[in-house]
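# Coordinates in review
Now for the letters of each chain:
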Amino acid sequence: MWRAGSMSAELGVGFALRAVNERVQQAVARRPRDLPAIQPRLVAVSKTKPVEMVIEAYCHGQCTFGENYVQELLEKASNPKILSSCPEIKWHFIGHLQKQNVNKLMGKHGLLPSETVSMVEHINAKCPSLEFVGLMTIGSFGHDLSQGPNPDFQVLLSLREELCKKLSVPPEQVELSMGMSMDFQHAIEVGSTNVRVGSTIFGERDYSKKPPLDKSSADLKTPVEVAQAH
């Protein structure tokens, strides 16, 4: 065991990234056979980290990165060094939604589990510029696994089962984005198809370097992600 971020800080991004990928595969091997056989996507969360670290991770085989702040995402996605060094890079925006784009589609803090199916139905029927791809949650912090699986992860699994039955969608077509630096292995073991890992790869964050809050961003931090723009 190691403290999140300590390995990357001491031994470098490449070493930490390899260690995380090994832990991902170990968790996949422990996953029950009745879960969809989907290789989990590792999203390297590079918020507050310099361009050089993104390029270093890319050079070690990491292609998918996540950012929490609109301004930082736009700056990195258009950075000449990244554009020239990382031609196949993919970006995930995992932060606050913008009010003008949401247009009352979601509540202030995401969705209640009971609202999920009706929201997906609304997206599919009324939002041609959105594509439903899956569900996202953040697991209960500090959950004691000796007491059983993380209850938030279990809720998301149940929601996918309910949604797939009601909408006649195969489970393998509905992603589950759950698991971060401290719990991504457990999340994969119970069915996550997308994990968001930052400090374990890049080291602890220096929030004094955080970009100023983008005024176009809402205070809509969503625990359930139900769609992405085309």
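Scroll up to find the structure.
Residues numbered from 1 in each chain as written. Predicted model: local features only at pLDDT ≥ 70, side-chain atom pairs only at ≥ 80, totals over all residues. Heavy atoms only, no water.

### Examining helix α2 (residues 13–29)
The end-to-end C-alpha distance of α2 is 24 Å, a good match for the 24 Å that 17 residues give at a rise of 1.5 Å each. For α2, every residue scored as buried is listed here: Val-13, Gly-14, Ala-16, Leu-17, Ala-19, Val-20, Arg-23, Val-24, Ala-27 and Val-28. (Helix = DSSP H or I, 4+ residues; strand = E, 2+ residues; numbered from the N terminus. Expected span 1.5 Å × (residues − 1). Buried < 20%, exposed > 50% of the residue type's maximum accessible area, 1.4 Å probe, protein only.)

### Focus: the packing of α2 against helix α3 (residues 51–59)
Where α2 contacts α3, the two axes come as close as 9 Å, and the packing angle between them is 50°. In this view, α2 runs oblique relative to α3, as classed from their interaxial angle. You can see that α2 and α3 cross each other, and the crossing is right-handed. Each of Val-13, Gly-14 and Leu-17 in α2 lies in contact with α3, whose residues at this interface are Met-53, Glu-56 and Ala-57. (Axes fitted to C-alpha atoms, helices over the stretch in contact; angles between N-to-C directions. Parallel < 35°, antiparallel > 145°, perpendicular 65-115°, else oblique. Left-handed = near helix turned anticlockwise from the far one by under 90°. Contact = heavy atoms within 4.5 Å.)

### Examining the packing of helix α7 (residues 116–126) against helix α8 (residues 151–167)
The packing of two helices is summarised by the inter-axis angle and the distance between the axes. At a closest axis distance of 10 Å, the pairing of α7 and α8 adopts a crossing angle of 50°. Relative to α8, the element α7 is oriented oblique. For the element pair α7 and α8, the recorded crossing hand is right-handed. Of α8, the residues touching α7 (which contributes Thr-116, Val-117, Val-120, Glu-121 and Asn-124) are Leu-159, Glu-162, Leu-163, Lys-166 and Leu-167. Its residues assigned to classes, the contact of α7 with α8 comprises five nonpolar, two polar and three charged. (Nonpolar A, V, L, I, M, F, W, Y, C, P; charged D, E, K, R; others polar.)

### A look at α7
Along α7, the residues classified as buried are Thr-116, Val-117, Met-119, Val-120 and Ile-123. The arc enclosing the buried residues of α7, seen along the axis, measures out at 165°, which places them on a common side. Those residues of α7 that are exposed and angled more than 90 degrees off the buried face are Ala-125 and Lys-126. Elements in contact with the buried residues of α7: β4 (130–131), β5 (134–136) and α8. (Arc of directions from axis to C-beta.)

### Some points on the pairing of strand β1 (residues 41–45)
Along any regular strand, the residues point their side chains to alternate faces of the sheet. Within β1, four of the five residues are buried, which leaves the element mostly enclosed by the surrounding structure. The sheet contact formed by β1 and strand β7 (residues 194–197) spans four bridges and is parallel. Note that in β7 the partner of Arg-41 across the bridge is Asn-194. As paired strands, β1 and strand β2 (residues 64–67) are joined by two bridges and run parallel to one another. By the bridge assignment, Val-45 is partnered in β2 with Gly-66. Read from β1 through α3 to β2, the crossover connection turns out right-handed. (Pairing = 2+ DSSP bridges. Right-handed = clockwise from strand over helix to strand, strands pointing away.)

### Side note on unusual backbone geometry
Of note, the phi angle at Thr-48 is positive, near 70°, even though the residue is not glycine. Along the polypeptide, Thr-48 turns up in the loop between β1 and α3. The backbone phi angle of Ser-168 is positive, close to 55°, even though this residue is not glycine.

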